[in-house]
Amino acid sequence: MPFKRKHLIGLEDLTPEEIKSLLDTAEAFKSISNRQVKKVPSLRGRTVVNLFFENSTRTRTSFELAAKRLSADVINFSVSTSSVSKGETLIDTARTIEALESDMVVVRHSCSGVPLLLSNVLRSSIINAGDGMHEHPTQGLLDMLTIRDKKKKIEGLKVVISGDIAHSRVARSNIYGLTKMGAKVTLVGPPTLLPKDIDRLDVKVENDLRHAVKDADVIYMLRIQLERQKRSLFPSIREYSMFFGLDESVLKLAKPDAMVMHPGPMNRGVEISPEVADCKQSVINDQVTNGIAARMAVLFLLAGGEANEIAAYGG
Amino acid sequence: MKLLLTGGEVVDPANKVRGRFDLLIEDGKITKVGKDIRADGAKILDVSGKIISPGLIDMHVHLREPGFEYKETIETGTRAALAGGVTTVACMPNTEPVIDNAAVVELVISKAKSEGVINVLPIASITKGAKGEEVSELGSLAKSGAIAFSDDAAPVMNAELMRRAMEYASQFDLPVITHCEDKNMTLDGVMNESFTSTVLGLRGMPDIAESIMAYRNIEIANYTGAKVHIAHVSCKATVDVIRWAKKTGLNVTCETAPHYFTLTDEAVKSYDTNTKMNPPLRTKEDVEAVIEGLVDGTIDCIATDHAPHGRIDKEVEFNTASFGIIGLETLLPLAITELVITKRLTLEQAIEKLSVRPAAILGIKKGSLKIGEDADITVFDMENEYAVDTSKFFSKSKNSPFNGRKLKGEISAVIVGGTLKFKDGKIL
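Residues numbered from 1 in each chain as written. Chains lettered and ligands numbered in written order. Predicted model: local features only at pLDDT ≥ 70, side-chain atom pairs only at ≥ 80, totals over all residues. Heavy atoms only, no water.

1. Describing the sheet that holds strand 7 (residues 204-206) of chain A
All names here are of chain A.
For step 1, the next point in the chain: Taken together, five strands build an open sheet; the order of strands is 7-6-5-8-9 and the sheet is parallel. Since the sheet does not close on itself, it has two edges, and those belong to strand 7 and strand 9 (259-261), each with one partner. Taking the axes of each pair of neighbouring strands and ignoring which way they run, one obtains an average angle of 20 degrees across the sheet.
For step 2, the next point in the chain: Pairing analysis gives three bridges linking strand 6 (residues 184-188) to strand 7, with the strands arranged parallel. The residue bridging L187 from the neighbouring strand is V205, located in strand 7.
For step 3, the next point in the chain: Seen against the sheet, helix 6 (residues 137-151) touches strand 8 (218-221) and strand 9 and runs at an angle of roughly 165 degrees to strand 9.
For step 4, the next point in the chain: The sheet strands contacting helix 7 (residues 169-180) are strand 5 (158-162), strand 6 and strand 8, and the helix crosses strand 5 at an angle near 170 degrees. (Pairing = 2+ DSSP bridges. Helix = DSSP H or I, 4+ residues; strand = E, 2+ residues; numbered from the N terminus. Axes fitted to C-alpha atoms, helices over the stretch in contact; angles between N-to-C directions. Contact = heavy atoms within 4.5 Å.)

This is how it looks when you write it as structure tokens:
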């Protein structure tokens, strides 16, 4: 199993083999998560630091649980950007954290490129937990894990990703991951939320959600941030919801067994109707559960773990 | 005090002279150019195999003093210029305080005399505090020695104010230099809007934010009779606008900077903050258009937009990093390597854009090696390749994306006002 990396910055530069290796490892960890004793000793004695410059209870908790299930020591470090601006730079903060002898640093930041920057100045492994509008690789992995679970494959599936593609790191990581694994990805949104030349990424681009979901195996709805309206990116929530909201009438146009996904937190009634969010086709809660296994796999493989080791735990 | 340059090749496009000539300097002026000059008592500077050019003139430099001395001072900035073969700079007014009144103009001029090592010509802000609200006292500024007017990186967004400012400026016959950027369109952009910004997840600034303002400023200048000079043209859209304007007979001059004919926005892929500047690095098509603009004369000159920043400004997140890179010490080598060696420009054309044209735009009697002219002279090597080493730069700041790059066109010697001030890497 080829996985020799020290850092996980994004899915853009991973090979399909590396992604498969991550997904297979995550799969193995999933079965451990189903046991009564959910802990394995793989990272005993290692220190994982969650360095979050942006609030995120969900992702931080998921990483924390993943690290703890691998028996690592976990430190949560939330830095409000205001305290960073008081003369202490990002690099100072990160070096301070590393002085605590961390082995792995999970970093989230509102600026794109921060994990890459840190990987150049710190000795620890860096795991990107979301940087600006760039990438959120573990989200991409947990989404692919969820799709593979339900559909038993990724290759050849039609995946529609709809919403604010321009500002979405989730969209980017999913585009890279899914296209590398052979899915056919269609992006949907108003032109104002589709970033420049995105079609150069081996994806189809459409403006009509109803048309796009035809024959879709997966419909992935992105959260729309309401403040985008102030920047004239769409005229009103009402209009956005009318054209880009997923309700039962739109869902009916997809394949009958199409999966509905969302990275959370949802704006119920805006990009997704409550009925669809809670329907049988929705796997939104599975995504959250799979997040732990996906992050365990990332921590484990970056720390140099071998897949057969998990088998030894009965995973 | 006599100085005789021997063995070099004189390239003097202003006077259409090129050839292996000696050049004699007496009392700060050029007194003879010719074969085998004999001058009793002259100090001899052997420049065999080297090019003798009129001293370079960089009309877009940030010296940062007063106010931002941790980035650069008049002393360190002019030393960097000297080491880059630049004998005259025009410096931008975005200092603290802003160069928007006669007292600050005089301060810069007097500091440049006492601490500088080359000629310094201050540019004054066209609006008070460069705030884009009220026109500065342009008359007093002109009288105290301002060479041009500009709000540089704080472009005047209000078209009516710009119209009145240019109209008023037109009586002093000094150029109005405009950084063209529609700030509403660029908002919190940090790089060119392109496929690369999409991939990097960085906010983009579209090229049309530049070309739209270039068009507006050309229109206003021609309506009012002002002399407009478009700063740092970075993209095809702006080159096209200026080419059209010149063809139509509208008055406009412009410059580009070496990074716009050397690098594309793909350089940003490392999130290296030394690739962040405004206007931003553009695409391959834009780089090609800028070079074509230089070739066909649409772009008059090359200036650096030398923008020193300290480590605290640059060793930060890409979004929060300051815009700008230093350029004085790589100006000529980049022009030689990227334009002359590649045969896009002749050496004469390159020197025109680095010395002759900026002198004409600024209305100063320089950029020529004619007898009687100021002896501002740059001597450089066309053959030897060297690697850029920012740690050896004279600039106080090191924010260059060109560290380690292999270039030709290394500066050998620089003479300012008849005095040999730089030779073989050392300031004398």
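2. Examining helix 2 (residues 102-115) of chain B
Residue and element names in this part refer to chain B.
For step 1, the next point in the chain: Across its 14 residues, helix 2 extends 20 Å between first and last C-alpha, which sits within 8% of the 20 Å expected from 1.5 Å per residue.
For step 2, the next point in the chain: Among the residues of helix 2, those classed as buried are V104, V105, V108 and A112. Projected down its long axis, helix 2 carries its buried residues within an arc of 110 degrees, all on one side. Along helix 2, exposed side chains directed more than 90 degrees from the buried face belong to K113 and S114.
For step 3, the next point in the chain: Structurally, helix 2 contributes buried residues whose contacts are with helix 1 (74-83), strand 9 (86-91), strand 10 (119-124) and helix 3 (138-144).
For step 4, the next point in the chain: Regarding helix 2, its N-cap is N101, as a side-chain oxygen of that residue lies 3.1 Å from the backbone nitrogen of A103 further along. (Expected span 1.5 Å × (residues − 1). Buried < 20%, exposed > 50% of the residue type's maximum accessible area, 1.4 Å probe, protein only. Arc of directions from axis to C-beta. Polar contact = N/O pair within 3.5 Å; in protein donor to acceptor, adjacent residues only side chain to side chain.)

3. Some remarks on the state of the cysteines
Covalent bonding between the sulfur atoms of two cysteines defines a disulfide.
All names here are of chain B.
For step 1, the next point in the chain: Going through the model one piece at a time under the given rule, you end up with zero disulfides over all chains.
For step 2, the next point in the chain: You can see C254 has no disulfide; the closest cysteine sulfur is in C301, sitting 7.2 Å from it.
For step 3, the next point in the chain: In this structure C254 comes out as buried when scored by relative accessible area, which is 0%. (Disulfide = S-S within 2.5 Å.)

4. Some words on the domain arrangement of chain A
Residues and elements named next belong to chain A.
For step 1, the next point in the chain: With domains assigned, chain A is organised as domain 1 (16-136 + 288-312) and domain 2 (137-283).
For step 2, the next point in the chain: Here the C-alpha centroids of domain 1 and domain 2 sit 26 Å apart.
For step 3, the next point in the chain: The interface of domain 1 with domain 2 comprises 29 residues on the first partner and 26 residues on the second.
For step 4, the next point in the chain: Here domain 1 meets domain 2 over a buried area of about 2200 Å², counting both sides, of which 61% is carbon and sulfur.
For step 5, the next point in the chain: The largest per-residue losses of area from domain 1 upon contact with domain 2 belong to L23, M133 and H136, which jointly make up 31% of the total buried on that side.
For step 6, the next point in the chain: Across the domain 1-domain 2 interface, the total number found is four salt bridges. (Domains from an automatic or database assignment. Buried area = accessible area lost by both parts, 1.4 Å probe. Salt bridge = Lys/Arg side-chain N within 4 Å of Asp/Glu carboxyl O.)

5. Some remarks on the sheet that holds strand 2 (residues 73-78) of chain A
Residue and element names in this part refer to chain A.
For step 1, the next point in the chain: Read from one edge of the open sheet, four strands run 2-1-3-4, paired in parallel fashion. Since the sheet does not close on itself, it has two edges, and those belong to strand 2 and strand 4 (125-131), each with one partner. Neighbour-to-neighbour, the strand axes of the sheet open up by a mean angle of 15 degrees, direction not taken into account.
For step 2, the next point in the chain: When strand 3 (residues 104-109) meets strand 4, the two strands line up parallel, connected through five bridges.

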